[in-house]
Amino acid sequence: MTTTVDLLDPTSNSAIVKLSTRAFPGVVLQGDTLHSLYRRANTALSALDPDTQPHEYNSLELVVDTLRGCLDVYEETLARHGYSLPYFDD
């Protein structure tokens, strides 16, 4: 199966693309932008108390977990293809 990509709108840190295998366009984030969003969300999560703010904590935890999953795929893919990361992970 061949997948083509239509670039609908290129911007500096993200782009709107339409994959031929998908019904709707998606957003492509630069890896360093994805990493920054993950780190900021994770920092915000660590500031919440799950006992006194369970709804907020659970909602943000879902965001952090989703971003971490995307970042894991990104990092594994770059490693597999011989690219270095555009950020330092500590």
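A brief structural summary. All values derive from a computational prediction rather than experimental measurement.

Brief notes about the environment of Val 28
- Structurally, Val 28 can be placed in strand β3 (residues 26-29).
- A C-alpha to C-alpha distance of 5.2 Å links Val 28 and Ser 14, two positions 14 residues apart in sequence.
- Setting aside residues no more than four positions away along its own chain, Val 28 makes contact with Asn 13, Ser 14, Ala 15 and Val 17.

A few points about the pairing of β3
- Where strand β2 (residues 14-19) and β3 come together, four bridges link them in antiparallel fashion. Across the sheet, residue Val 17 finds its bridge partner in β3, namely Gly 26.
- From the end of β2 to the start of β3, which pair antiparallel, there are six residues.

Observations regarding the packing of aromatic side chains
- A complete count under the given rule lists zero aromatic pairs for this structure.
- The side chain of Arg 68 reaches across the aromatic face of Tyr 38, ending 4.9 Å from its centre.

Considering the packing of helix α1 (residues 31-46) against helix α2 (residues 54-80)
- It is at 9 Å that the axes of α1 and α2 come closest, and there the two elements cross at 150°. As the angle between them shows, α1 and α2 are arranged roughly antiparallel. Seen from above, α1 lies across α2 with left-handed handedness. For the pair formed by α1 and α2, the contact residues are Gly 31, Leu 34, His 35, Leu 37, Tyr 38, Ala 41, Asn 42, Ala 44 and Leu 45 on the first element and Tyr 57, Leu 60, Glu 61, Val 63, Val 64, Leu 67, Arg 68, Cys 70, Leu 71 and Tyr 74 on the second.
- Across the contact of α1 with α2, the residue classes break down as 14 nonpolar, three polar and two charged.

With respect to the nonpolar core
- Counting 10 residues, the largest nonpolar core is built from Leu 34, Tyr 38, Ala 41, Leu 45, Tyr 57, Leu 60, Val 64, Leu 67, Leu 71 and Tyr 87.
- Listing elements by their share of this core, those giving two or more residues are α1 and α2.
- Per element, the largest residue contribution to this core is five residues, and it comes from α2.
- Not counting residues within four places of it along the chain, the set of residues in contact with Ala 41 comprises Leu 60, Val 63, Val 64 and Leu 67.

Concerning the layout of surface pockets
- Looking at the largest pocket, its volume works out to about 190 Å³.
- Elements with a minimum of two residues in the lining of the largest pocket: β3 and α2.
- Residues belonging to the lining of the largest pocket are distributed by class as follows: seven nonpolar, no polar and no charged.
- By volume, the second largest pocket amounts to about 160 Å³.
- Around the second largest pocket, the lining residues are Val 5, Val 17, Leu 19, Arg 22, Phe 24, Pro 25, Gly 26, Val 27 and Val 28.
- Counting only elements with at least two residues in the lining of the second largest pocket, the list comes to β2 and β3.
- Per-element accounting of the lining of the second largest pocket gives the leading share, three residues, to β3.
- Counted by class, the lining of the second largest pocket contains seven nonpolar, one polar and one charged residues.

What counts, and where the lines are drawn
- Residues numbered from 1 in each chain as written.
- Predicted model: local features only at pLDDT ≥ 70, side-chain atom pairs only at ≥ 80, totals over all residues.
- Heavy atoms only, no water.
- Helix = DSSP H or I, 4+ residues; strand = E, 2+ residues; numbered from the N terminus.
- Contact = heavy atoms within 4.5 Å.
- Pairing = 2+ DSSP bridges.
- Phe/Tyr/Trp six-rings, centres within 6.5 Å; stacked < 30°, edge-to-face > 60°.
- Lys NZ or Arg CZ within 6 Å of the ring centre and 35° of its normal.
- Axes fitted to C-alpha atoms, helices over the stretch in contact; angles between N-to-C directions.
- Parallel < 35°, antiparallel > 145°, perpendicular 65-115°, else oblique.
- Left-handed = near helix turned anticlockwise from the far one by under 90°.
- Nonpolar A, V, L, I, M, F, W, Y, C, P; charged D, E, K, R; others polar.
- Core = buried A, V, L, I, M, F, W, Y, C linked by side-chain atoms within 4.5 Å.
- Buried < 20%, exposed > 50% of the residue type's maximum accessible area, 1.4 Å probe, protein only.
- 1 Å grid on protein atoms, 1.4 Å probe; cavity = no way out; pocket = protein on both sides within 12 Å on 5 of 7 lines; lining within 4 Å.
- Points joined across faces, edges and corners; volume = space filled by probe spheres on them.

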